[in-house]
Amino acid sequence: VQLVESGGGLVQPGGSLRLSCAASGFTFSLYAMSWYRRAPGKERELVAGITSAGGSTNYADSVKGRFTISRDNAKKTVYLQMNSLKPEDTAVYYCNVPYLAPDYWGQGTQVTVSS
């Protein structure tokens, strides 16, 4: 399993970012995918999940209505569209394959929401 996250950066409150996670080393289309984040001084938390075919998604209460998870199985990539960003969304964001390699974490991508 290899996961490479990208798309993070510095954004003002209310702004948007789209994160990408490129997967390799496994049959991507067979597995659910998740996005997690770890804020400074806090535990890693689940942000969003999506089933293998993309037909079902779930979100943390803190991001519902603002974030959207999606996937492109042909490109072996999972996305996280983040809108209406808040300072409390500042964290390193990671993707994960929960039912294949739950303990594997890529390098993550830093998202900083600040004016």
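A.B. asks: Would you take a moment to explain the overall build of the protein for this structure?
C.D. replies: If you tally the helices and strands in the protein, you get zero helices and 10 strands. Relative to the globule expectation of 13 Å for 115 residues, the C-alpha radius of gyration of the protein, 13 Å, shows essentially globular dimensions. Along the first, second and third principal axes, the C-alpha atoms of the protein reach 40 × 25 × 20 Å. Here the protein holds 115 residues, and 43% of them are scored as buried. If you take every contact in the protein between residues at least 6 apart in sequence, the share linking residues at least 24 apart comes to 53%. With 11 positive and 8 negative side-chain charges, the protein shows a separation of 5 Å between the mean positions of the two kinds.

A.B. asks: Sorry, what's going on with the packing of aromatic side chains here?
C.D. replies: Working definition: an aromatic ring pair is given by the centre-to-centre distance plus the angle between the planes. Taken as a whole and assessed by the stated rule, the structure comprises four aromatic pairs. Measuring from ring centre to ring centre gives 5.9 Å for Phe 26 and Tyr 31, while their planes differ by 70°; the resulting arrangement is edge-to-face. Classification of Phe 26 by relative accessible area gives buried; the value is 12%. Looking at Tyr 31, the relative accessible area reads 24%, which means it is partly exposed. With a centroid separation of 5.9 Å and an interplanar angle of 75°, the aromatic rings of Tyr 94 and Trp 105 are classed as edge-to-face.

Scoring rules and cut-offs
Residues numbered from 1 in each chain as written. Predicted model: local features only at pLDDT ≥ 70, side-chain atom pairs only at ≥ 80, totals over all residues. Heavy atoms only, no water. Helix = DSSP H or I, 4+ residues; strand = E, 2+ residues; numbered from the N terminus. Rg over C-alpha atoms; globule rule 2.2 N^0.38 Å. Buried < 20%, exposed > 50% of the residue type's maximum accessible area, 1.4 Å probe, protein only. Contact = heavy atoms within 4.5 Å. Lys, Arg positive; Asp, Glu negative; His and termini not counted. Charge placed at Lys NZ, Arg CZ, Asp CG, Glu CD. Phe/Tyr/Trp six-rings, centres within 6.5 Å; stacked < 30°, edge-to-face > 60°.

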